[in-house]
Amino acid sequence: MAYDEGLAERIRERLGADPDITEKRMFGGIAFLHRGNMAVGVTGDDLMVRIGPDATEQALARPGTRIFDMTGRPMRGWVVVAGSAVAEYEVLGEWIDEGHAFAASLPHK
């Protein structure tokens, strides 16, 4: 499955030249990891965001979100945001910052 390269490029721009960020192909898309922990990614036209279990319900109340479920097992702490919901740079930036902050709070892998 192809992923939205434009969305991936917008994520790269937001994350800048942070040396702790790496990219890895996963879930049929691309993931951006902070010291080995996934922060955000792109699958198809959508944004995946790791926000942590405590933030799941609040995140799901935001426009265009759904629980991350690739295998029939919903993953609390992860959401998928429709590409159309992150068309505005500010909204995309907020999601990227949230995912990055959560990944940065985890022990390094």
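Read on for a plain summary of the structure. Predicted, not measured: the structure shown is a model, and the values here were computed from it.

Rules and cut-offs
Just so you know, the residues in each chain are numbered from 1, in the order the chain's sequence is written. In view of the model being predicted, local features appear only for residues whose pLDDT reaches at least 70, and side-chain atom pairs are presented and counted only at 80 or more, with totals across whole chains, interfaces and linings using the full set of residues. Values shown for side chains rest on all heavy atoms present in the structure; no hydrogens or waters enter the calculation. By definition, any uninterrupted DSSP run of H or I lasting at least four residues is a helix, any uninterrupted run of E lasting at least two residues is a strand, and each is numbered from the N terminus. Two things to know: the radius of gyration comes from C-alpha atoms, and the globule rule equals 2.2 Å times the number of residues to the power 0.38. Two residues form a contact once any of their heavy atoms are found within 4.5 Å. Residue-level accessible areas treat just the shown protein chains as cover; the underlying method is Shrake-Rupley with a 1.4 Å probe. All tallies of charge rest on Lys and Arg as positive and Asp and Glu as negative; His and the ends of each chain are not included. For charged residues, the charge sits on one atom: NZ in Lys, CZ in Arg, CG in Asp, CD in Glu. Two aromatic rings, drawn from Phe, Tyr or Trp (for Trp, its six-membered ring), form a pair once their centres lie within 6.5 Å of each other, and the interplanar angle then sorts them: stacked below 30 degrees, edge-to-face above 60, tilted otherwise. Whether a charge sits over a ring depends on NZ of Lys or CZ of Arg being within 6 Å of the ring centre and within 35 degrees of the ring normal. Note on classification: 1.4 Å probe, protein chains only; a residue is buried when its accessible area is under 20% of the maximum for its type, exposed when over 50%, partly exposed between these limits. Only buried residues count toward a nonpolar core, which is a set of Ala, Val, Leu, Ile, Met, Phe, Trp, Tyr and Cys residues joined through side-chain atoms within 4.5 Å. Pairing between strands is defined by DSSP: at least two bridges between them are needed. In this analysis, the expected span of each helix is defined as 1.5 Å times one less than the number of residues it contains. The directions from the helix axis to the C-beta atoms form the arc being described.

## Details of the overall build of the chain
1) Next: Scanning the chain from N- to C-terminus turns up three helices and six strands.
2) Next: Mapped from its N terminus to its C terminus, the chain presents α and β elements in the order α-β-β-β-β-α-β-β-α.
3) Next: Taking 13 Å as the expected radius of gyration for a compact globule of 109 residues, we find that the chain reaches 13 Å, a close match to that expectation.
4) Next: Restricting to contacts in the chain with at least 6 residues of sequence separation, those with at least 24 account for 52%.
5) Next: Counting only carbon and sulfur atoms, one obtains 52% of the accessible surface of the chain, whose full area is about 5,900 Å².
6) Next: Once the 12 positive and 17 negative side-chain charges of the chain are each reduced to a mean point, those two points are 8 Å apart.

## Notes on the packing of aromatic side chains
1) Next: Across all of its chains, the model carries one aromatic pair by this definition.
2) Next: One Lys or Arg, Arg62, reaches over the ring of Trp95 and ends 3.6 Å from the middle of that ring.

## Details of the environment of Lys24
1) Next: Relative to the helices and strands, Lys24 is located in strand β1 (residues 21-26).
2) Next: Looking at Lys24, the relative accessible area reads 47%, which means it is partly exposed.
3) Next: A sequence separation of 69 residues divides Lys24 from Gly93, and the C-alpha atoms of the two residues are 20 Å apart.
4) Next: Apart from residues lying up to four places away in sequence, Lys24 is in contact with Gly29, Ile30, Ala31 and Leu33.

## Digging into the nonpolar core
Soluble globular proteins tend to pack their nonpolar side chains together in the buried interior.
1) Next: With 20 residues, the main nonpolar core has Ile11, Phe32, Leu47, Val49 and Trp95 as its most contacted residues.
2) Next: Mapped by element, the contributors of at least two residues to this core are α1 (5-15), β2 (29-34), β3 (37-43), β4 (46-50), β6 (75-81) and α3 (89-104).
3) Next: Per-element tally for this core: the top contributor is α1, with four residues.
4) Next: Leaving out residues up to four positions away in the same chain, Phe32 has contacts with Ala8, Ile11, Arg12, Leu15, Ile21, Thr22, Glu23, Asn37, Met38, Ala39, Val40 and Gly41.
5) Next: In terms of nonpolar packing, the next biggest core, distinct from the first, is built from seven residues, Ala31, Met48, Phe68 and Val80 among them.

## A word on the side chain of His34
1) Next: Of note, His34 is situated in strand β2.
2) Next: With residues up to four places along the chain from it excluded, the contact list for His34 reads Asp18, Asp20, Ile21, His100, Ala103 and Ala104.

## Focus on the pairing of β1
Working note: regular strand, side chains alternate between the two faces of the sheet.
1) Next: Pairing of β1 with β2 involves six bridges; the strand directions are antiparallel. Following the sheet pairing, Lys24 is matched in β2 by Ala31.
2) Next: Two successive antiparallel strands, β1 and β2, enclose a turn made up of two residues, where Phe27 displays a positive phi of approximately 55°.

## Side note on α3
1) Next: Taking 1.5 Å as the rise per residue, α3 with 16 residues should run 22 Å; its terminal C-alpha atoms sit 22 Å apart, in good agreement.
2) Next: Every buried residue of α3 is listed here: Leu92, Gly93, Trp95, Ile96, Gly99 and Ala103. End-on, the buried residues of α3 take up no more than an arc of 165°, which puts them together on one face.

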